[in-house]
Amino acid sequence: MREFDVVVIGAGAAGMMCAAVAGQRGRSVLLTDHADAPGKKIRISGGGRCNFTNIHTAPERFLSANPRFVISALKRYAAADFIGLVERYGITYHEKTLGQLFCDGSSQQIIDMLLAEMNAGGAVLELETETVSITREENGFLVGLSSGQVRCASLVIATGGKSIPKMGATGFAYRIAEQFGVPVVETRPALVPLTFETGLLETIKPLAGVAVDTRVAHGKTRFDEAMLFTHRGLSGPAILQISSYWRAGDEISVNMLPGRHVADWLKVARAANGKQSVLNALAEVLPRRLAQKIVEDCGIAGNLADLSKPQFARLVAAVADWRVKPVGSEGYRTAEVTLGGIDTNALDARTMAVKAVPGLYFIGEAVDVTGWLGGYNFQWAWASAWSAGQAIADKDRGRSD
């Protein structure tokens, strides 16, 4: 029977990082995955260029039942640390918007870098390998794999959440948590397009494919990014962001001219050219199809000078404060991440170890930590994996850093 210091299950971003860190600190590591290739979500991320971190990473840009949990890991392994690793491998990158860093080339560069880091630590990678069973032993774990049984002192679960099942995502981490009595915070899709009921969907069907810069709000939370009308409802960065805060039954507010005071803009436009049609005036600052839909919904057909006070108020509200109540989301099929997960109250924030089960660790998306869109979730993967890898090596040496 083979024996390793560490078995990491899940060869995604967090799993590969953890295997590399523990291996380079002298631990014997086995990394397994049921997939036929490592880092599948890395490969498709960022349109194939991997939005690998965000220079504005901060604890307040993560959601968790315990918002303070992320502080330790993000401080100990910051965005600058991962950027330094990328630069050591000569991978060129650029900032797209809002601090998001992308590879100039392919996402495969990040995967190759992580594989090289694993090789440098002597970590063993076994793909197309199912985890059949996990049994707690006196000094560690007995892991039943489709390739045979292995023993380890430390076991790391890095299998992510339920998002994008076509990429192999499952609820494996939550099942292991249940097996060992580790609580799980309710999970749901996050960073996901929102959907409308049939009646509303029928009315916005002509807008499918129209994109507009917006400020989308849910309560006191708001995001200034692009929004896209789809044949199911709404998508685009602003909607993906707000979806992490939205709950079924809630409404969201959309300002389609966030850089302007809409009432003042309309007054100026009317004073400058009162004979201009409301449609044409609106089409100067919004996509024409969207402008057409707004004036029709407001029952307006005349010129700016002809706007009555009620029409003026309806138009301002339709542009600056469109209230809409989605009925759902597109679900895990298109969700970029899973909200909720392993209850952080059960974990040590410095090490990602389960407090009540010595030697067991959960990292990455499996944990109840969800970042904003734009590289934050990758940074959590790197930071939580680094913390666990460091802790495992130090634990086996009988000390703590």
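In this report, we go over the structure that sits alongside the text. (Residues numbered from 1 in each chain as written. Predicted model: local features only at pLDDT ≥ 70, side-chain atom pairs only at ≥ 80, totals over all residues. Heavy atoms only, no water.)

## Re the sheet that holds strand 6 (residues 100–103)
And step 1. With respect to topology, 3 strands assemble into an open sheet ordered 3-6-5, the strand pairing being antiparallel. Each edge of the sheet is formed by a strand with only one pairing partner; in this case those strands are strand 3 (51–54) and strand 5 (93–95). Shown here is a sheet whose adjacent strand axes are inclined to one another by a mean of 30°, direction ignored.
And step 2. Relative to strand 6, strand 5 runs antiparallel, the two sharing 3 bridges. The residue bridging His94 from the neighbouring strand is Phe102, located in strand 6.
And step 3. Helix-sheet contacts for helix 4 (residues 79–88) involve strand 3, strand 5 and strand 6, and the interaxial angle to strand 3 is about 140°. (Pairing = 2+ DSSP bridges. Helix = DSSP H or I, 4+ residues; strand = E, 2+ residues; numbered from the N terminus. Axes fitted to C-alpha atoms, helices over the stretch in contact; angles between N-to-C directions. Contact = heavy atoms within 4.5 Å.)

## Side note on helix 9 (residues 262–272)
And step 1. Among all positions of helix 9, only Val262, Ala263, Trp265, Leu266 and Ala269 are buried. All buried residues of helix 9 project into a common sector of 160° when viewed along the axis, lining one side. Of the exposed residues in helix 9, those oriented more than 90 degrees away from the buried face are Val268, Ala271 and Ala272.
And step 2. Summarising the contacts, the buried residues of helix 9 are in contact with helix 10 (278–283) and helix 12 (309–320). (Buried < 20%, exposed > 50% of the residue type's maximum accessible area, 1.4 Å probe, protein only. Arc of directions from axis to C-beta.)

## Considering the sheet that holds strand 12 (residues 194–195)
And step 1. A sheet is described by the order of its strands in space; here 7 strands give the open sequence 17-16-13-14-15-12-18, paired in antiparallel fashion. Strand pairing shows two members of the sheet lacking a second neighbour, strand 17 (322–324) and strand 18 (328–329), which therefore form its edges.
And step 2. Bridge analysis of strand 13 (residues 211–218) against strand 14 (residues 221–229) gives 8 bridges, and the strand direction is antiparallel. Its bridge partner lying in strand 14, Ala211 is registered against Leu228.
And step 3. Against the sheet, helix 12 makes contact with strand 16 (252–255) and strand 17, and its axis sits at roughly 105° relative to strand 16, the strand it touches most.

## Observations regarding the pattern of salt bridges
And step 1. This model, assessed by the stated rule, comprises 14 salt bridges.
And step 2. The closest approach of N and O atoms between Glu126 and Arg2, which form a salt bridge, is 2.5 Å. Of this pair, Glu126 sits in strand 7 (residues 124–126) while Arg2 sits in strand 1 (residues 2–9), placing them 124 residues apart in sequence.
And step 3. On the basis of relative accessible area, Arg2 is assigned to the partly exposed category, the value being 32%.
And step 4. As a salt-bridge pair, Arg27 and Asp5 come within 3.9 Å of each other at their nearest N and O atoms. Of this pair, Arg27 sits in the loop between helix 1 (13–24) and strand 2 (29–32) while Asp5 sits in strand 1, and the two are 22 residues apart along the sequence.
And step 5. Its relative accessible area of 23% is what places Asp5 among the partly exposed residues.
And step 6. Each of Arg232, Glu330 and Arg333 takes part in salt bridges that share partners, so that together they form one network. (Salt bridge = Lys/Arg side-chain N within 4 Å of Asp/Glu carboxyl O.)

## What about the side chain of Ser107?
And step 1. Mapped onto the fold, Ser107 is located in the loop between strand 6 and helix 5 (108–120).
And step 2. Of the residues examined, Ser107 reaches a relative accessible area of 0% and is grouped as buried.
And step 3. Polar contacts involving the side chain of Ser107 include one to the main-chain amide nitrogen of Arg49, which spans 3.1 Å.
And step 4. Setting aside chain neighbours within four positions, we find Ser107 in contact with Ile42, Arg43, Ser45, Gly48, Arg49 and Cys50. (Polar contact = N/O pair within 3.5 Å; in protein donor to acceptor, adjacent residues only side chain to side chain.)

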